[in-house]
Amino acid sequence: MKIKSVIVDDDAFARGELKELLVNQFSEDIELMSDFENPQLAINYIQSHAPQLIFLDIQMPLMTGFEMLEQLDTTNFEVIFCTSFNQYAIQAIKHSALDYLLKPIDENELRKTIERFKQKTEKTLTNLRLANLKHNMNAQDENQFQLIIPTKQGEYQFPAQDIIRCEADSNYTSIYLVNKKKFLASKTLGDIEEMLSREKFLRIHKSHLVNSTHITQLTSQNEVVMSDNMRIPISRRRLQEVKSAVRGLN
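The following paragraphs examine the structure supplied in this document. All values reported here derive from a predicted model rather than from experimental measurement.

### Focus on the nonpolar core
Grouped burial of nonpolar side chains is what soluble globular proteins tend to show.
Okay, step 1: If you look at the biggest cluster of nonpolar residues, it comprises 28 residues, and the most contacted ones within it are Val8, Leu56, Met68, Leu69 and Phe81.
Okay, step 2: Within the residue set of this core, elements represented by two or more residues are β1 (3-8), α2 (39-49), β3 (53-57), α3 (65-70), β4 (78-83), α4 (87-95) and α6 (127-138).
Okay, step 3: Sort the elements by how many residues they give to this core and α2 lands first, with four residues.
Okay, step 4: If sequence neighbours within four positions are ignored, Met68 has contacts with Val8, Pro39, Ala42, Ile43, Ile46, Leu56 and Met63.
Okay, step 5: Of all hydrophobic cores here, the second largest spans 18 residues; its members include Ala97, Ile148, Phe158 and Phe183.

### Brief notes about the pairing of strand β8 (residues 163-169)
Okay, step 1: Alignment of β8 against strand β9 (residues 172-177), held across six bridges, turns out to be antiparallel. Each bridged residue has a counterpart across the sheet, and for Glu167 the counterpart in β9 is Ser174.
Okay, step 2: Linking two consecutive strands that pair antiparallel, namely β8 and β9, is a turn of two residues; a positive phi of about 60° is found at Ser170 within it.
Okay, step 3: Pairing geometry for β8 and strand β12 (residues 208-211), over three bridges, is antiparallel.

### Overview of helix α1 (residues 12-25)
Okay, step 1: The end-to-end C-alpha distance of α1, which contains 14 residues, comes to 19 Å, matching closely the 20 Å that a straight helix rising 1.5 Å per residue would cover.
Okay, step 2: When we look at burial in α1, the residues that qualify are Ala14, Arg15, Leu18, Leu21 and Leu22. Buried residues in α1, looked at end-on, bunch into an arc of 130°, giving them a common side. Residues Phe13, Glu20 and Asn24 are exposed on α1 and point more than 90 degrees away from its buried face.
Okay, step 3: In the core, the buried residues of α1 are packed alongside β1, β2 (30-36), β3, β4 and α5 (107-119).
Okay, step 4: Near the N-terminus of α1, the side chain that reaches the backbone nitrogen of Phe13, with its oxygen 3.0 Å away, is that of Asp11.

### Description of empty space enclosed by the protein
Okay, step 1: One pass over the full model with this rule turns up one cavity of 30 Å³ or more.
Okay, step 2: Taken as a whole, the largest cavity holds about 50 Å³ of empty space.
Okay, step 3: Taken together, Leu53, Glu78, Val79, Ile80, Asp99, Thr113, Phe117 and Lys120 make up the full set of residues lining the largest cavity.
Okay, step 4: Along the lines of polarity and charge, the residues of the lining of the largest cavity split into four nonpolar, one polar and three charged.

### Looking at α6
Okay, step 1: Between the first and last C-alpha of α6 there are 17 Å, a value that for 12 residues agrees with the 16 Å anticipated at 1.5 Å per step.
Okay, step 2: Looking only at α6, the buried set comprises Arg129, Leu130, Asn132, Leu133 and Asn136. Looking straight down α6, one finds its buried side chains confined to an arc of 160°; they lie on one side. For α6, the exposed residues lying more than 90 degrees away from the buried face are Asn127 and Asn138.

### Overview of the pattern of salt bridges
Okay, step 1: This model, assessed by the stated rule, comprises 16 salt bridges.
Okay, step 2: The partner of Arg165 in a salt bridge is Glu167, with the nearest N and O atoms 3.9 Å apart.
Okay, step 3: Residue Arg165 is classed as buried on the basis of its relative accessible area of 7%.
Okay, step 4: Classification of Glu167 by relative accessible area gives partly exposed; the value is 25%.
Okay, step 5: Several salt bridges converge on common partners, so that one network encompasses Asp9, Asp57 and Lys103.

### A look at the side chain of Ser235
Okay, step 1: Note on placement: Ser235 falls in the loop between β15 (231-233) and α8 (239-249).
Okay, step 2: If near-sequence neighbours (up to four positions away) are discounted, Ser235 is found in contact with Ile204 and His205.

### Topic: the layout of surface pockets
Okay, step 1: A volume near 200 Å³ is recorded for the second largest pocket.
Okay, step 2: Every residue lining the second largest pocket is listed: Gln87, Gln91, Lys94, Glu142, Glu194, Leu196, Ser197, Arg198, Glu199 and Lys200.
Okay, step 3: Residues of the lining of the second largest pocket, tallied by class, amount to one nonpolar, three polar and six charged.

The rules behind these values
- Residues numbered from 1 in each chain as written.
- Predicted model: local features only at pLDDT ≥ 70, side-chain atom pairs only at ≥ 80, totals over all residues.
- Heavy atoms only, no water.
- Core = buried A, V, L, I, M, F, W, Y, C linked by side-chain atoms within 4.5 Å.
- Buried < 20%, exposed > 50% of the residue type's maximum accessible area, 1.4 Å probe, protein only.
- Helix = DSSP H or I, 4+ residues; strand = E, 2+ residues; numbered from the N terminus.
- Contact = heavy atoms within 4.5 Å.
- Pairing = 2+ DSSP bridges.
- Expected span 1.5 Å × (residues − 1).
- Arc of directions from axis to C-beta.
- Polar contact = N/O pair within 3.5 Å; in protein donor to acceptor, adjacent residues only side chain to side chain.
- 1 Å grid on protein atoms, 1.4 Å probe; cavity = no way out; pocket = protein on both sides within 12 Å on 5 of 7 lines; lining within 4 Å.
- Points joined across faces, edges and corners; volume = space filled by probe spheres on them.
- Nonpolar A, V, L, I, M, F, W, Y, C, P; charged D, E, K, R; others polar.
- Salt bridge = Lys/Arg side-chain N within 4 Å of Asp/Glu carboxyl O.

Pasting the structure below:
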């Protein structure tokens, strides 16, 4: 079945560009029901037509994308946020386990985003993720960002800075937090790495991702010692990168 979709974007050029891609390149997967410049008109349409997927601009003059979502009676759809390049906004979205596209829209990135939507088993945008994104967008800096991580027991929300280290566990990831807390995330280590800031989190080994602010020592055996006293080996090809990062912290 085709994915019933709606575009909401006040930028006529960006809206037309995305519409053309969806209609001409992705018609086998996407049924574009309508597109809107005015978010208020979009609200009325969404409530009566129940799309599965909304391509939503974040910054619009009448109301933001977040404000539009708050006015909807239900959120039983997924949202792909469309934004101009803004690293802060992108990190806020990633931390909230939501998807996004950069303007101008790249066809290959759009294809990947649609594939991710098709592979999801749960097609429900949770209020927790939206609230988390609002929190992150209002935060003064990334140190205040909250992170949403799915687990078998549900979605877990916590400050990203509380992560000490992450360790690959097949298709899952063990995440170690401050205060000796630990849980198993339903994501690969690569997925977790993609969500987090590359400036703070270092992939020091194929199986290990660490928070650089929790590194206490770099040993002569080419290991890092973390704030939880765990010693983690650094792979040979990542050694110089880790050394440079640690020197930068000092």
